[in-house]
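Reading the structure
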Amino acid sequence: MNNHFGVVELINGPVVKGTKMSAFKVNEMVTVGERQLIGEVVSLEDEVATVQVYEETEGLRAGERICSTGAPLSLTLGPGMLGNMFDGIQRPLKKIEEISKIFIPEGIGLLSIDEDKEWDVHLTVKLDDSLGQGQVYATVQETLSIMHKIMIPPGIKGKIVEVKPDGKYKLKDTIAVLEMENGEKMNLSLMQKWPVRRPRPVSKRVPIYKPLITGQRVIDTFFPLAKGGTVGLPGGFGTGKTVTQHQLAKWSDADIIVYIGCGERGNEMTNVLEEFPALIDPRTNRPLMERTILIANTSNMPVAAREASIYTGITMAEYFRDMGYDVAIMADSTSRWAEALREISGRLEEMPAEEGFPAYLPSRLAQFYERAGCVKTLNDEEASITIIGAVSPPGGDFSEPVTENTKRFVSAFLALDKKLAYARHYPAINYLTSYSGYVTMLEDWYKENVADDMLELRAKMIRLLQEEEKLNEIVQLVGEDVLPNDQALVLEIARTIKKAFLQQNALHKEDTYVSLEKQHKMLIVIDTLYENTLKCVKIGIPISTIRKEPIFEDVIKMKYDVPNDQIELLDKLCEKIVTDYKELRQKYQ
Amino acid sequence: MRKEYLKLEKVEGPLIVLSNIQDVAYDEMVEIKIENGETRKGKVIKIDGDKVVVQVFEGTAGISTHNASVKFMGEPLKLPLSKEILGRTFNGIGSPIDGAYQVISQNKYNVNGRPINPVARKYPRNFIQTGVSAIDALMTLIRGQKLPIFSGNGIAHNELAVQIVKQAKIEGANSTNFAVVFGAMGVRHDDASYFMRSFEAAGVLDHVVMYLNLADDPITERISTPRCALTAAEYLAFEHDMHVLVILTDMTSYSEALREMSSTRGEVPSRKGYPGYLYSDLSTIYERAGMIEGKEGSITLIPILTMPNDDITHPIPDLTGFITEGQIVLNRELNQKGIYPPIAILPSLSRLMKDGIGADYTREDHADLSNQIFSSYSKVQDVRSLAQIIGEDDLGEIDKLYLKFGRRFEEKFVAQGSGENRSISETLNLGWKILSILPKTELDRLKPEMIEKYYRGKKE
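Parameters and conventions
- Throughout, a residue's number is its position along its own chain's written sequence, starting from 1.
- Each chain gets a letter, beginning with A, and each ligand a number, beginning with 1, in the order they are written.
- pLDDT decides what is reported in this predicted model: residues at 70 or higher carry local features, side-chain atom pairs at 80 or more are listed and counted, and totals for whole chains, interfaces and linings draw on all residues regardless.
- Just so you know, side-chain values use all the structure's heavy atoms and leave hydrogens and water out.
- Two joining distances apply to patches: 9 Å for like charges and 5 Å for nonpolar side chains (Val, Leu, Ile, Met, Phe, Trp, Tyr), and every residue must have over 30% relative accessible area and no salt bridge.
- Exposure was quantified through the Shrake-Rupley algorithm and a 1.4 Å probe, taking into account, for residues, occlusion by the shown protein chains and nothing else.
- The term salt bridge refers to a pairing of a side-chain nitrogen on Lys or Arg with a carboxyl oxygen on Asp or Glu at a separation within 4 Å.
- Positive charge is attributed to Lys and Arg, negative charge to Asp and Glu, and no charge count is given to His or to the chain ends.
- We put the charge of a Lys on NZ, of an Arg on CZ, of an Asp on CG and of a Glu on CD.
- Helix and strand labels come from DSSP, where a helix needs a run of H or I of at least four residues and a strand needs a run of E of at least two; each type is numbered from the N terminus.
- Segment limits for the domains were obtained from an automatic or database-derived domain assignment.
- Here, two residues are considered to be in contact whenever any of their heavy atoms come within 4.5 Å of each other.
- Here the quantity called buried area is the accessible surface, traced with a 1.4 Å probe, that two parts lose on coming together, added over both.
- The definition of a polar contact used here is a pair of N or O atoms within 3.5 Å, where within protein one atom must be able to donate a hydrogen and the other to accept one, and adjacent residues in sequence count solely through side-chain atom pairs.
- Put simply, Ala, Val, Leu, Ile, Met, Phe, Trp, Tyr, Cys and Pro go in the nonpolar bin, Asp, Glu, Lys and Arg in the charged bin, and everything else, Gly too, in the polar bin.
- Here, nonpolar core means buried Ala, Val, Leu, Ile, Met, Phe, Trp, Tyr and Cys residues that are tied together by side-chain atoms lying within 4.5 Å of each other.
- Relative accessibility decides the category of a residue: with a 1.4 Å probe and only protein chains considered, values under 20% of the type maximum give buried, values over 50% give exposed, and everything between is partly exposed.
- Following DSSP output, two strands are said to pair if at least two bridges run between them.
- Lines fitted to the C-alpha atoms define the axes, with helices restricted to the stretch that makes contact. Angles between their N-to-C directions range from 0 to 180 degrees.

Some words on a negative patch on the surface
- The grouping of Glu 354, Glu 355, Asp 397 and Glu 404 of chain A at the surface amounts to a negative patch.
- With respect to the helices and strands, Glu 404 of chain A occurs in helix H8 (residues 401–409).

Considerations on the domain arrangement of chain B
- When the domains of chain B are assigned, the result is domain 1 (4–75), domain 2 (79–355) and domain 3 (366–454).
- Here domain 1 of chain B and domain 3 of chain B have C-alpha centroids that lie 61 Å from each other.

Remarks on the interface of chain B and chain A
- Contacts between the two partners involve 76 residues from chain B and, on the opposite side, 75 residues from chain A.
- In this assembly, chain B packs against chain A so that about 6400 Å² is buried in total across both faces, 53% of it on carbon and sulfur atoms.
- Summed over the three residues of chain B that lose the most area to chain A, namely Tyr 26, Arg 114 and Phe 322 of chain B, the buried surface amounts to 12% of that side.
- Along the contact surface separating chain B from chain A lie five salt bridges.
- Across the pair Arg 114 of chain B and Glu 58 of chain A runs a salt bridge whose closest N-O atoms are separated by 3.3 Å.
- At the surface where chain B touches chain A, the tally comes to 34 residue pairs in polar contact (both at pLDDT 80 or more).
- If you list the elements that add at least two residues to the side of chain B that touches chain A, you get strand E5 (39–48), strand E11 (121–122), helix H4 (219–239), helix H6 (278–286), helix H7 (315–323), strand E22 (343–350), helix H9 (353–356) and helix H10 (366–390) of chain B.
- Taken together, the residues of the side of chain B that touches chain A break down into 33 nonpolar, 20 polar and 23 charged.

Here we look at the nonpolar core
- Counting 97 residues, the largest nonpolar core has Phe 222, Ile 493, Ile 497, Ile 526, Met 558 and Tyr 581 of chain A as its most contacted members.
- For Tyr 581 of chain A, the contacting residues outside a window of four places in its chain are Leu 529, Asn 532, Thr 533, Cys 536, Ile 546, Glu 549, Ile 551 and Phe 552 of chain A.

Here we look at the sheet that holds strand E11 (residues 136–141) of chain A
Residues and elements named next belong to chain A.
- Taken in spatial order, the four strands of this open sheet run E12-E11-E9-E14, and their pairing is antiparallel. In the strand order of this sheet, the two ends are held by strand E12 (147–151) and strand E14 (167–169), each with one partner. Here the strands of the sheet are splayed against their neighbours by 40 degrees on average, with no regard to which way each runs.

Brief notes about the side chain of Ser 112 of chain A
All names here are of chain A.
- Structurally, the position occupied by Ser 112 is in the loop between helix H1 (93–100) and strand E9 (119–123).
- Relative accessible area serves as the criterion here: at 16%, Ser 112 is assigned to the buried category.
- Of note is the side chain of Ser 112, whose polar atom sits 3.5 Å from the side chain of Thr 76.
- Separated by 3.0 Å, the side chains of Ser 112 and Gln 90 make a polar contact.

As for unusual backbone geometry
- The step from Asp 332 of chain A to Ser 333 of chain A runs through a cis peptide bond, and the omega angle for that step is 10 degrees.
- Structurally, the position occupied by Ser 333 of chain A is in the loop between strand E24 (326–332) and helix H6 (334–347).
- Cis geometry marks the peptide bond from Thr 249 of chain B to Asp 250 of chain B, where omega comes out at 5 degrees.
- Tracing the sequence through the fold places Asp 250 of chain B in the loop between strand E18 (243–249) and helix H5 (251–264).
- Even without being glycine, Arg 424 of chain A reaches a positive phi, approximately 55 degrees.

Observations regarding the environment of Glu 40 of chain A
All names here are of chain A.
- Structurally, Glu 40 is set in strand E4 (residues 37–45).
- In sequence terms Glu 40 and Asn 564 are 524 residues apart; their C-alpha atoms lie 51 Å from each other.
- In this structure the side chain of Glu 40 is engaged in a polar contact, spanning 2.7 Å, whose partner is the side chain of Arg 197.

Considering a positive patch on the surface
Residues and elements named next belong to chain B.
- Side chains of Lys 404, Arg 408, Lys 412, Lys 433 and Arg 456 sit close together on the surface and give a patch of like positive charge.
- The biggest single contributor to the positive patch is helix H11 (residues 397–414), with three residues.
- Positionally, Lys 404 belongs in helix H11.

Notes on the pairing of strand E7 (residues 68–72) of chain B
Residue and element names in this part refer to chain B.
- Taken across its five residues, E7 has four buried, putting it largely inside the fold.
- Across two bridges, strand E1 (residues 4–5) lies against E7 in antiparallel orientation. Residue pairing in the sheet places Glu 4 in a bridge with Lys 71 of E7.
- Pairing analysis gives five bridges linking strand E4 (residues 29–34) to E7, with the strands arranged antiparallel. Paired with Ile 32 across the two strands is Val 70, which belongs to E7.

If you want it as structure tokens, here you go:
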């Protein structure tokens, strides 16, 4: 491979133009200037190439050299990613800290996952085995919860002609040799490279049928997410987007979590780093950090790397999906990514479309969300990627381009609401305007695995909430006291649904994660309360008397009072509701 | 010997364009000597082949295409810093304007700074007692936090900022390791002198470093003012282990300066004419607050901005809110009612509060109490709008209690004297006292044992 050189001609923030670059390719990674800043070619015109630079360009001079690397912006995929935190172009932040202490300087070069660490490798192939793309030839127990499978890169097949024994190997050590059909030999190590902007191939897509269980009541019961699905999570500032994303990262039942802090706050990423290692995954009893990969390109880090961070995250997710895992990827926030596109587009002097965003915004969003899905991998295993994208609409206005376009490409939409957040109703997911397109796809699963009446109860609760919304309009005009008793009861029950069920305390030990079984029982409790109080209303007992029964408070506090391992207490609560209101009716008659 | 260039190609607004220039670096500082002997500073903002665009800090008035000589300094804007900056006043590019000499130091710091590695950060946890009830109880300021004040023209934000500076009790800070860095961008002369007098009256002037860019100073210097201030803050906090409180006012003027520069450069505008990089640019200011693992010092940042037209969805407060860790919103209606500080409770928020309060830092009941106040006060708003329609007399008993709670809360809890310094336990007790207007059954965010311990109302 010949190295080509260009010459810096124009510098405008992160955008650099170079001349004499006709030998360069679009999307090729380059190093710019004496300090070898990392950049990527974004367009070519005759001899002139436009390069976006992933590092600060301060101090760069016209006339400095641009050097080719011959490859597009790629990731090194192999063991060493889990539990680690990277910047937008897969440079480990811990390593950067060792080099430069507090601040992130430019010109530290292209670092990636640790090449010196020795892994315990188990070879799963023997001499003369024929292997196709995506097939596993070795495994590494990367963390106690995750087995890392080392796979033949896509597009390659052949016969094993050399294989090393099990033992300790480093990332780049050859552990086997593959002879391809054309007779060429390929050394297989623990890693492979993959360009970030190209989706990794799969065997085929399969329909979605499993939910992504999050332990968050308003999501699992009201707006279920699906493994392989896409979710938009829009909300203005202060509505709890980040807390919601953190809750999903903590508790959803995916095997691997990729969390992208894209243009967000530094302290939030620090918080994740401090908090996650101490949290225990309820399914594996191992620290959550063992299944988590963090990508942090905070708002003050270079904007071009922010643009790349989304692709870095999804490529890592695809790599783990190819091993047969269910991966969930949280992007907080896609608006910052869209703004990075806008910023770079502006510097490239492209013609802006809506609100200054480039015209290709919708297609880029679509390309990103379409990398989600439930698939059969090349190795014929079932696996999935779920994308949960936070959106930060300016001024909380959902009609802006990023939210609008995101809505077109996601099937579940969890709208965070400012008014609920002001009243400290958390998670502030609006129960009337949010939707999930997965309810019908997951119907069978819920019937089989939770309960037959789960979705009926759900529909009933939603109906009550909608009715409350209508009644509230009347109440705002005439006050609550004039409502007939049965309508006043709807208000009371809807309030109970909100307080007892929809509001969930992320900081409370019992309430932060709730199993589907408990969610179902809680619904039954509320339903029992409704049916029994309705009977009281029908015989004319005033609503204030019904409401005074202490059992009402017990229902509201059940989320705290009933521990997750004693959910049979909820059955008792139901019985108590029935007897208490029976007594009340008898007393009244 | 550095070359001097004698001919300018173009002078436009604060920008000058030179051609046939070799070997110039992006962001490099430039010295411009004018015929009459005056020297000005500038910065390279674009290089296109041998053509260079320079932004002149002091403005281009008096410069013609052939009466100035331009020298490139070979390095970006750097500040010489030592502990002697305490008590001094500088302009927006770090030159002294208090009549004394420039600080002499071997150590020069690039004002643009570099992003803090998230791995190197220490998550801020310890609370700062400001003595202002509404802030301490409901939107607690945490050491190392960035918490802006969203205000409007004519609202008492300056008084509030001064009160915070005067009263703030930072854990671990004492008279030797506490400093205030004050950056003023485009503020009026009388505002600047108000701050100066107040610092003097509070006896903290020796601990204050000021970077002033007044309303009639050149806008190009306005853009470097907060950067100088934060560079000084980083120096004090991370090299001298000091606890630094940074006040930046007014971020709206700063953003407008940025917009003006952007439009002179002919850039593609995005929302309301602000440049597309406003978010990234603001974040390089706000994100410099924080604490570092293994370092004693801290930078707590309180930027003040005036919301144009009191509109919180305007790009400046909006983008700020997305970067900072909460916001303190001031409200014109409360201000007109004579309530000081006029803090609008509901839209205000401190994101770091949850980890910096409770038994270890303030008191066990703090978190639940503040949730309850938020939730009850939000109910007050509903009751008030109902009362406007049907009249107060027709409200139910409980609703009437809510109105009473709302009034008392605003008058006794939110309102306090500008010299009144309430301790956290005074604040929390006051909160309970006012909440006790409501019957126990309305307090659904509080644990029964808390109600048992602190509730002062009628025992039923």
